[in-house]
Structure formats: C-alpha cells, structure tokens
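Structure assessment
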Amino acid sequence: MHTAIVWFRNDLRLADNAAVDAACRAAERIVPVWIDDPAAEGDWPAGAASRAWLARSLAALDERLRSVGSRLLLRRGDTLQVLRNLAAESGAAGIHCNRRVEPAWIATDARVEAGLDVPLHRHHGNLLAAPETVSTGQGTPYRVFTPFWRRLSAELEMLAEPLPAPTRIASPELDSLPLDALGLTPAPRWDLPFWQHWTPGELGAQALLERFVLTSAARYEALRDRPDRHGTSRLSPHLHFGEISPRQIARALLDAMLDGFCADPGPFLRELGWREFGQHLLFHFPESTRHDLSPRFAGFRWRDPESGLLDAWRRGLTGVPIVDAGMRELWQTGWMHNRVRMIVASFLTKHLRIHWLHGARWFWDTLVDADLGNNSLGWQWSAGTGVDAAPYFRIFNPVTQGRRFDPLGRYVTRWLPALASLPAEVVHAPWTIESSSPPAGYPARPIVDLEQARRDALAAWQASVAGGPGPSAR
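Parameters at a glance
- Residues numbered from 1 in each chain as written.
- Predicted model: local features only at pLDDT ≥ 70, side-chain atom pairs only at ≥ 80, totals over all residues.
- Heavy atoms only, no water.
- Salt bridge = Lys/Arg side-chain N within 4 Å of Asp/Glu carboxyl O.
- Helix = DSSP H or I, 4+ residues; strand = E, 2+ residues; numbered from the N terminus.
- Buried < 20%, exposed > 50% of the residue type's maximum accessible area, 1.4 Å probe, protein only.
- Contact = heavy atoms within 4.5 Å.
- Polar contact = N/O pair within 3.5 Å; in protein donor to acceptor, adjacent residues only side chain to side chain.
- 1 Å grid on protein atoms, 1.4 Å probe; cavity = no way out; pocket = protein on both sides within 12 Å on 5 of 7 lines; lining within 4 Å.
- Points joined across faces, edges and corners; volume = space filled by probe spheres on them.
- Nonpolar A, V, L, I, M, F, W, Y, C, P; charged D, E, K, R; others polar.

1. Considerations on the pattern of salt bridges
- Tallying each qualifying case throughout the model produces 24 salt bridges.
- A salt bridge links Arg251 to Glu161; its shortest N-O distance comes to 3.8 Å. Note that Arg251 is positioned in helix α9 (residues 246-258) and Glu161 in the loop between α5 (145-155) and α6 (202-215), a separation of 90 residues in sequence.
- Relative accessible area serves as the criterion here: at 52%, Glu161 is assigned to the exposed category.
- Of the charged contacts in the structure, one is a salt bridge between Arg454 and Glu451, with a shortest N-O distance of 3.6 Å. Residue Arg454 and its partner Glu451 are located together in helix α18 (residues 450-466), separated by three residues, close to a single helical turn.
- Residue class for Arg454 comes out partly exposed when judged on its relative accessible area of 21%.
- It is possible to trace a salt-bridge network through shared partners that takes in Arg9, Asp109, Glu113 and Arg122.

2. With respect to the environment of His351
- Summarising the element assignment, His351 is placed in helix α13 (residues 338-351).
- Along the primary structure His351 and Leu450 are separated by 99 residues, whereas in three dimensions their C-alpha atoms are 6.8 Å apart.
- Filtering out sequence-adjacent residues up to four positions away, His351 remains in contact with Arg303, Ser346, Ile395, Phe396, Pro398, Val448, Leu450, Ala453 and Arg454.

3. Details of the environment of Gln401
- One can find Gln401 in helix α16 (residues 398-405).
- On the basis of relative accessible area, Gln401 is assigned to the buried category, the value being 9%.
- In this structure the side chain of Gln401 is engaged in a polar contact, spanning 3.0 Å, whose partner is the side chain of Arg339.

4. Let's talk about the layout of surface pockets
- Computed from the structure, the largest pocket encloses a volume of approximately 1,100 Å³.
- Residue lining of the largest pocket: 38 residues in total, with Tyr220, Glu271, Trp274, Asn338 and Asn374 positioned closest to the centre.
- Residue assignment for the lining of the largest pocket shows that the elements contributing at least two residues are α5, α8 (236-240), α10 (266-284), α13 and α15 (372-383).
- Of the residues contributing to the lining of the largest pocket, the split by class is 17 nonpolar, ten polar and eleven charged.
- Estimates place the volume of the second largest pocket at around 600 Å³.
- Forming the walls of the second largest pocket are 28 residues, and the residues nearest its centre are His197, Leu208, His230, Thr232 and Arg234.

5. Looking at empty space enclosed by the protein
- Scanning the model with the defined rule gives seven cavities of 30 Å³ or more in all.
- As a volume, the largest cavity reaches approximately 170 Å³.
- Along the wall of the largest cavity there are 16 residues; nearest its centre are Arg99, Arg100, Val101, Asn126 and Leu127.
- Considering only residue class, the lining of the largest cavity consists of four nonpolar, seven polar and five charged.
- Of the pockets and cavities examined, the second largest cavity occupies roughly 90 Å³.
- Around the second largest cavity sit 13 residues that line it, and Leu281, Ser288, Leu293, Ser376 and Leu377 are the ones nearest its centre.
- Counting only elements with at least two residues in the lining of the second largest cavity, the list comes to α10 and α15.
- No other element matches α15, which puts five residues into the lining of the second largest cavity.
- The residue makeup of the lining of the second largest cavity, split by class, is six nonpolar, six polar and one charged.

6. Let's talk about unusual backbone geometry
- Following Ala187, the chain continues into Pro188 via a peptide bond in cis, with omega recorded as 0°.
- Relative to the elements of secondary structure, Pro188 occurs in the loop between α5 and α6.
- One non-glycine residue with positive phi stands out, namely Asp16, at about 50°.
- Relative to the helices and strands, Asp16 is located in the loop between β1 (3-8) and α1 (18-26).
- A relative accessible area of 2% means that Asp16 is categorised as buried.
- Despite not being glycine, Arg353 shows a phi value in the positive range, around 55°.
- Mapped onto the secondary structure, Arg353 falls in the loop between α13 and α14 (356-366).

This is the structure:
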C-alpha cells in the first residue's frame, strides 16, 4: 500500500491544498505532519502572537483531519532528520508540501530535498501565481505595483476552480507529540482577549469569507479606510496561516459578482494583489526583510531607537490618539486596521525618525497576521525606502488622518476610553482643549511637536537623500 507524507507549513487547510490533493492522488495512505523547527525559519522565527494563533490553528487542522479519518502528527527537531525518520517509520515513497518564498524556507527546502532518500514534491498552492511566472517584458521582476497588478489581474479571468477537500484520508498509526508539548500557548495567557475577535482554523476562515461576501464586499471600496466601521474582510491571519487560499477568496468574490452580491470586486481583489506583490518582492529581493531597498537612504540620519520614543510608540503612549488607539488595538487583539497601520508606521519613521526595521520587528512579534513579505513591503512603503514606496517627504498628519477616517472618534475612544468624554472635534488633538486639566490617564501632549518633527524629517531627507532643497510635506 503506497504511503505519502504531507508536510504542512503555512497551508493549514484541506480544501484547495495542492499538496494534499497530489498526495491523495498518489497514495492510499497519508501521513499529515507539522514540524516544530524554529531554526528552519532563519532570522524571522514566528513571533509570540503568531505562535498563539498557530496553537489553535493546528488544533483546528487536527480536528478537520479527524473528521475524515486521519489526524495531524506533531514532531519537533531538525526538519530534515524528522522527515527522514518519518519516511522510514511509515514506508512513505514521497513527501508533498506547498512552496514557500521566504529566504530561510527556500534554503531549508533545498537542504531537505538534497538530504532525503525519497522525493520531495513541492507544489504551487499558496499564491495566485508563482513568482517566477510574473515578469516584465524584459524578463525582470516588477518593482512597481500597478503594472504588476495589471499583469496578474489579467490572469484572474482564467482562474481555476479551488480544489475540493478530501472526504476520506487513511493514515497509519504513528507517534505524535501532544500539542501542549510545543510550547506555543503563552504563559501567562495574555492571548485570551484575542479569541473574542478570532476563530482560527479552516472553518473559521470559510465562515468569515462567507460573511464578508454577503455583508461587506459590496461596500469595501467605500469603507476600507474607516477603522470605525466594519468594512474590511479581516481575512489576513487566515491567509497567513494558509487556512484559506487566495484562490478561494478570489473565486468567491468573482462568483459573488456573477450572483449580484458584489457589483465590483476589483478593489478587494487589488488588495489580494498587494499581498501577492509582497510575496513576489520577497522572492526576488530577499534582502528587503532587513535592508532599505532604495540605496539613497544609505546615509540617512535615523534617530537612536533607545531614546524612549520607541517604547512610547509600542505602548500606545505617544499622546497622538489615532496612533495610540492603533497600538492598543494591536496589543489587545493581535491585529490593526490597515489604514491605521500606515498612520502608525508613518509616525514612527517620519515624526520619530526611527528606522522602519524596529517597527517591523514589533509588528512581527505582536501581529497574528505577521507575514514576512507583507510586513517588509508595508514598512518599506511607509518609510519611503522600498522599490515601490510612498516618497519619504509624504508625511501623514496623524490629526488630519484621524479626523478624516474616524470623524466621530469612535475608533479612538473604543481603544482609548480616557478620551470618551471629549467632543468629536477635539478627540484627535486633545492637547488643544482650552483647559488646564487634560484627560486623566492620557498624556497631556504628544511626545514630539508634530509640526517641528515634520520639519526635522524633511530637513533630514533633504540633507541625506534629496541632496538639497526638496518638496514640502503633504
């Protein structure tokens, strides 16, 4: 009886899983396994929030596998040795997995493939298109999103139907570690508030997608920048862990258009394209996780991160409400609205003039959707240091941004209850109140003068990057 191993990684689902589908076609018995090997992830092992989510996602995958007659094996150790041992124990003739594009995983896969005694079959299952298949007319990788998306979106018309989940999987009886032995769940349990907002696992992802298609997709373009409204999909952590595939999401949106639920899925599909762009840049420019992609920033005068400003930013104590609300939402839910992510990133890299890598590291540890490609792309875009970035001199005014996208202050006061009694017209700038008594429990003033910090950032940019007088901030 032929046996195959399915090596799960960031693809914790059964439906539309190319590795699962191929293994089920090739063998009568399947050995599903997940391996705890932080060394395989190189310089970016999963952060604390991601590991807390992972614990629940692995439990959900095991439950899904048990519903079709199998179960998830958990092993720990060097990935190559674990797979060699498992192949010998099970008599497996091959190992199936879905490709990853992170630099450390590319190196791990190469080492594993070279050291195995059985074939390693790597499948395309976590992106709409493999990175090497989307290139310019000159055969080079895209460095600007708009032409990249124009090319990729044309292929959506030929998008194949998602693969069905297997209805039955036969598996041999083999030893497995208990989930608790992996030490993924934090102690003390600071993650417990997360689960008021999230249901990790494939079924939770599918339910969230269905709800988004039926209730919010048609209003996505109008509401996506409003953190005070329920207008986004919140599918990002499910995508990161592969509990749902981008093809499943794209197909659901295209079908909703045909069924009349969503007149134009284009704006949301474009956001899927942005995620895809981050993965493609990560594949072609692996140094983007640690270094500025724009060489013009080699001599830029970043501020010392040990000044205390970085800690105030992390703790949501900058005195700028929209920034602090975002950082506290992050701490309490493991997630932050995308518009607010841009605002807090701009504040750190422009007003505080702290290098984006410090922000990227904090997001990596605290976000449940901490995706290496998206995280690096988003931070370099905000800082102005990437291949396709907002110019450094485009400095978000956090007060203006707050008033525009949270006009009644509902988002801010949800996460900063100390400001709940303030009228909407001043909630985004409480230091302007003509009173000697600022709101109790909140900083009396921002940690930097916003206008002076803006001027200082422009001066640093002009001196180090622009080489002379430059445009004013917007």
